[in-house]
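Geometric and topological summary
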Amino acid sequence: MSRNRVIRCAACAGRIKPQHPHIGVEDLETGVEFSYHARPGCQIRAAEETATRLEAGKVYAMHHYHASTCPDAAPGFGCAGGCFDTPMAVAN
Ligand SMILES: [Zn+2]
Ligand SMILES: [Zn+2]
């Protein structure tokens, strides 16, 4: 696993630092993964765009990449690192 390519956010086209928290939406057919910042605006875009693609019959897996400094051994939403501390962004 030596992927040193630059990761760009599919929502805002900004660069994502691999050690920062971000979301990956993987197309299980093609293996292509869309990346998004963990910040609320980009998370909302990720949820909306994924919903649209799901309606088109695609199958996706969501990956939540926590910051390299995240102290949780098994991190999830509301982790001790505060990587994805805005669950309201995906509500409704
Ligand atoms: Zn972004
Ligand atoms: Zn975390």
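What you see is a predicted model, and the numbers here were worked out from it, not measured in a lab. Residue indices begin from 1 for each chain and proceed along its sequence in written order. Throughout, the order in which chains and ligands are written sets their labels, letters from A for the former and numbers from 1 for the latter. It should be noted that, the model being predicted, local features are given only for residues of pLDDT at least 70 and side-chain atom pairs only at 80 or more, the latter also being counted only at that level, while totals for whole chains, interfaces and linings use all residues. By convention in this description, side-chain values take in all heavy atoms of the structure and omit both hydrogens and water.

Side note on the side chain of H37
- Every helix listed is a DSSP run of H or I at least four residues long, and every strand listed is a run of E at least two residues long, numbered separately from the N terminus. Take H37: it is sitting in strand β4 (residues 33-37).
- Whenever a nitrogen or oxygen atom comes within 3.5 Å of another N or O atom, the pair is scored as a polar contact, on the condition that within protein one atom can donate a hydrogen and the other can accept it, and that pairs from neighbouring residues in sequence are kept only if both atoms are in side chains. A polar atom in the side chain of H37 sits 3.1 Å from the backbone oxygen of R15.
- Contacts are assigned to residue pairs that have any heavy atoms within 4.5 Å of one another. Beyond its immediate chain neighbours, meaning those up to four positions away, H37 contacts C9, C12, G14, R15, I16, I23, C42 and Q43.

A word on the environment of A47
- With respect to the element layout, A47 can be found in helix α1 (residues 40-55).
- Each C-alpha atom of the pair A47 and M62 lies 9.8 Å from the other, and the pair is 15 residues apart in sequence.

What to know about the coordination of the zinc ion (ligand 2)
- Within the protein, H66 (ND1), C70 (SG), C79 (SG) and C83 (SG) serve as the donor atoms for the zinc ion (ligand 2), at 2.0 to 2.4 Å.
- Sodium, potassium and calcium take a 3.2 Å donor cutoff, other metals 2.8 Å, and in both cases only N, O and S atoms count; water is not among them, so sites may look incomplete. We note that the donor set of the zinc ion (ligand 2) lies within a single chain, spaced as H-x3-C-x8-C-x3-C. Across the pair, C83 and C79 agree in class, each one buried. Exposure is judged per residue with a 1.4 Å probe applied to protein chains only, and the accessible area is read against the type maximum: over 50% gives exposed, under 20% gives buried, and values in between give partly exposed.

Regarding the nonpolar core
- By nonpolar core is meant a set of buried Ala, Val, Leu, Ile, Met, Phe, Trp, Tyr and Cys residues that side-chain atoms within 4.5 Å join together. Judged by nonpolar contacts, the single largest core of 16 residues is most densely connected at C9, A11, I23, V25, Y36, C83 and F84.
- If you list the elements that add at least two residues to this core, you get β3 (22-27) and α1.
- Discounting residues that sit within four places of it in the chain, I23 has contacts with F34, S35, Y36, H37, Q43, M62, H63, H64, Y65 and F84.

Comments concerning the coordination of the zinc ion (ligand 1)
- Protein ligation of the zinc ion (ligand 1) involves C9 (SG), C12 (SG), H37 (ND1) and C42 (SG), the donor distances falling in the range 2.0 to 2.4 Å.
- Working rule for geometry: tetrahedral if four donors all subtend angles between 85 and 135 degrees; square planar for four, octahedral for six, if opposite donors exceed 155 degrees and the others stay between 65 and 115; irregular in every other situation. Around the zinc ion (ligand 1), the 4 donor atoms are arranged such that angles at the metal cover 98 to 121°; this shape is classified as tetrahedral.
- Between consecutive donors of the zinc ion (ligand 1), the numbers of intervening residues give the motif C-x2-C-x24-H-x4-C. Residue C9 is located in the loop between β1 (7-8) and β2 (15-16), and its partner H37 is located in strand β4; the two are separated by 28 residues in the primary sequence.
- For C9, a relative accessible area of 3% gives the class buried.
- A relative accessible area of 10% means that H37 is categorised as buried.

Some thoughts on the pairing of β3
- A large share of β3 lies buried, amounting to 5 of its 6 residues.
- Strands were regarded as paired on the criterion that DSSP finds at least two bridges between them. Across 5 bridges, β3 lies against β4 in antiparallel orientation. Paired with H22 across the bridge in β4 is H37.
- In textbook terms, the turn of a hairpin is the stretch between consecutive antiparallel strands, and for β3 and β4 this stretch comprises 5 residues, one of which, G31, has a positive phi near 80°.

As for the sheet that holds β3
- Read from one edge to the other, the open sheet built from 3 strands follows the order β4-β3-β5, with strand pairing classed as antiparallel. In this open sheet, the two strands that pair with only one neighbour each are β4 and β5 (60-65). On average, each strand axis in the sheet is tilted by 20° relative to the strand beside it, whichever way the strands run.
- Relative to β4, α1 is tilted by about 155°, and along the sheet it contacts β3, β4 and β5. Axes here mean lines fitted to C-alpha atoms, for a helix over just the part in contact, with angles spanning 0 to 180 degrees between N-to-C directions.

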